[in-house]
Amino acid sequence: MTIQAQNNTTQKGTLRFFSQSTSHDPQKLRVAIIGGGASGLSAALHLAPLVSKGLIAKPIHVYEKASLVQQDTRIQKTKNGKQDDVHHPNNVNVTTGTGVFGRDIGVGIWNTALEPFKKSHGRKSHLQLIEQLEEMGQYVGEVGYRTPKGKWLTKSKLRTEQIQASDLGDDNVPCTHPSLLFVRERDFLSCLRQAVQVEQDTFGTIQMHHGRFKNDKSTCVQDVVLCDNHDASMSMAHNGSIPVNGLSGKLEFADGTLSDQSYHFIIAADGMNSTLRTKYAGYDTFIQRWKSGNEAVSIDSDQWQREQMQEKYAIEDRNYVVFRGNSPLTNEQANMNGRSFQTWGEGRNMRFAAVGMSHPKSNNDESKHAGERCEKQVWFATIHDDELCSIKDPQKRKERLIENFKNWHDPICSLIDSTPADDILMERGLGHKHSLLPVLNLAEVIQYQARSSKTGNGSSTSRIMPYQLGSGPIILFSGDAYMTIDPVLAQGFTMGMEDAADLASTLEKCLKSESIPNSDNNHDATTGSLWNRQVAFDPNVLRKAIMERNTRRFERVMCLIRSTELVQYMAQPTSLWGSMLVKHILRPCMMIIPSSIKEVAFSVVMKYSLGYYCRKGNKIDSSKTRK
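What comes next concerns the included structure. Source: prediction; values computed, not measured. (Residues numbered from 1 in each chain as written. Predicted model: local features only at pLDDT ≥ 70, side-chain atom pairs only at ≥ 80, totals over all residues. Heavy atoms only, no water.)

## Some details on the sheet that holds strand 10 (residues 142–146)
In a beta sheet, neighbouring strands are held together by backbone hydrogen bonds and run either parallel or antiparallel to one another. Put simply, the rule is: In this description, strands pair whenever DSSP reports at least two bridges between them. Counting from the N terminus, the helices are DSSP H or I runs at least four residues long and the strands are E runs at least two residues long. Axis geometry follows a simple rule: fit a line to the C-alpha atoms, using only the stretch in contact for helices, then measure angles between N-to-C directions, giving values from 0 to 180 degrees. Contacts are residue-level and defined by heavy atoms, with any inter-residue pair within 4.5 Å sufficient.
Strand order in the open sheet formed by seven strands is 11-10-20-21-22-19-23, with mixed pairing between adjacent strands. Each edge of the open sheet carries a strand with a single partner, namely strand 11 (152–157) and strand 23 (425–432). For this sheet, the mean inter-axis angle between neighbouring strands, taken without regard to orientation, is 25 degrees. Pairing between strand 19 (residues 315–327) and strand 22 (residues 373–383): seven bridges, direction antiparallel. Considered in strand 22, the bridge of Ser 327 is made with Gln 377. The strands that helix 17 (residues 595–609) touches are strand 10 and strand 11; relative to strand 11, the one it contacts most, it runs at about 65 degrees.

## A short note on the packing of helix 3 (residues 111–118) against helix 4 (residues 124–136)
Spelled out, the test is: Orientation is classified from the angle alone, with under 35 degrees giving roughly parallel, over 145 giving roughly antiparallel, 65 to 115 giving roughly perpendicular, and any other angle giving oblique. Gly is placed with the polar residues, together with every amino acid not listed as nonpolar (Ala, Val, Leu, Ile, Met, Phe, Trp, Tyr, Cys and Pro) or charged (Asp, Glu, Lys and Arg).
Their axes nearest at 8 Å, the elements helix 3 and helix 4 cross at an angle of 140 degrees. The angle between helix 3 and helix 4 places the two elements in the oblique class. Counted together, Leu 114, Phe 117 and Lys 118 of helix 3 and His 126, Leu 127, Leu 129, Ile 130 and Leu 133 of helix 4 form the full contact between these two elements. When its residues are assigned to classes, the contact of helix 3 with helix 4 shows six nonpolar, one polar and one charged.

## A closer look at the pairing of strand 16 (residues 258–263)
Across three bridges, strand 15 (residues 248–253) lies against strand 16 in antiparallel orientation. The residue of strand 16 that forms the bridge with Gly 249 is Tyr 263. Hairpin geometry of strand 15 and strand 16 is characterised by an intervening segment of four residues between the two adjacent antiparallel strands and by a positive phi of about 90 degrees at Gly 256.

## What to know about the environment of Ile 206
Rule in force here: Exposed residues in this analysis have more than 50% of their type's maximum accessible area, buried residues have under 20%, and partly exposed residues fall in between, with area computed by a 1.4 Å probe over protein chains only.
Here Ile 206 lies in strand 13 (residues 206–211). Ile 206 gets classed as buried once you look at its relative accessible area, which sits at 1%. Considering only alpha carbons, one finds Ile 206 and Leu 41, 165 residues apart in sequence, at a separation of 9.7 Å.

This is the structure we're talking about:
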């Protein structure tokens, strides 16, 4: 297909759009991914086979605002033990977070995120990714929860063998027993980038776009400009301002330029502070019609309340700060006996966890022999202490942290004390209040926003039709952009990678079955045009499939949230009565329960948190609906 875009965007009414001419060949689905982190790169890798199968247009474009210059700068800062600080409303200095190139800190990846790559029927990039991750990291063995005095509340064992194709069941069915791979964050992201490079160089299925120099804004996505696939006279709805025939849009960057390509499907994987999440999320009253099952019912856009939308994409403070570090102590020196643990406090949101990790030694590790591995103890601590957070000097902050945990069991203080003060990361416990539906009616949302800004109240007489053709490109939120959750169960990266695998499965089934749309079902009543003359997919079927996928993912997220809340209540009681209940009743009861029963209960909770029980047979159960 050949696209000839006009040099300048035009504006009719309140809606910016540009016109483009098309060839007679139906267009394949064109995909853009915003964000080159774990979720964005995983999405590109999982969608790459669909490009090879001819279901998605070649290539998938990934836009990452960070430049390679920033990568070198960040690594240098990591070596020097320094981290950038950012301003926080509560005057707490926190690190800039993961970033696209990662840090030295260890992170956990669960088997539910890794197994889909192993099921890819020998895809070179996927197999390379798994092999490199398993080489760079270490599977966690025995795990358990403890009291501050060191008593074990419960213990269990995770699967430590490498993932084998023969161990895997059908699609969406994980291994029988969970496993957790711990790897340095920067190694993890580096492995993902190398796998993407294989796809880009060998198959041409992915195209990465980085900033050309530090602070370059040419790949920093700020907005979406709608595209009209028809003649301008046919592009307007009866009110003269909505191009209802447009299924695609171009990305607008921070420097004011537009992407060369237009896209039907945009994946926002740019983290907790996602730009498109803030701009377009929360306009989802159409879920009422989806649940009612009545396609003839319309929703008045007056129902879109600004306060409700702000609540949808709001970020809330979890009322604690997280400290992370890598202790150079070996497993023997730390006397951990190969056991990873999480210790639950009795107030002030205090919690401590430690996991053994090893990785190949690099030149910076002063290795004398090739193949040697460096052993470290990854730890993190949470606490609510405003005075501690206000300390600027890293060494004094470290001393205050040790003071808070001085009465806790070994080797907690030893792990903190052995970690260089400049290498201890500090970040505020933040998370989203809600997960978000995909944006399926972008044109309506944009027009409503513009009209609302003019009238001040957003009054409107237009009606919203959720699966209406020509409602602009689909925007789907993935990873932390979809919902950032407390890192209690170490599933942040896992959720983003699962999102990518599930999306690829959904699109493959949808595009395979509807690669040639049925003209009887794809007639646009407004303009009289047939969509099978324009695209090689059914827009209505695609939107419906994405909504069904969202229902499945919502249930998966709810499994994690419920499990997290349970552990949070047991580990970080905030009230006086809660602390007394946990300390004097719940935990003593846990210690007298037989270990065999506790191990089974632990396994059930862990599997539930990973979504094992919201899957049936060969597919995730789609009968569950959002409550």
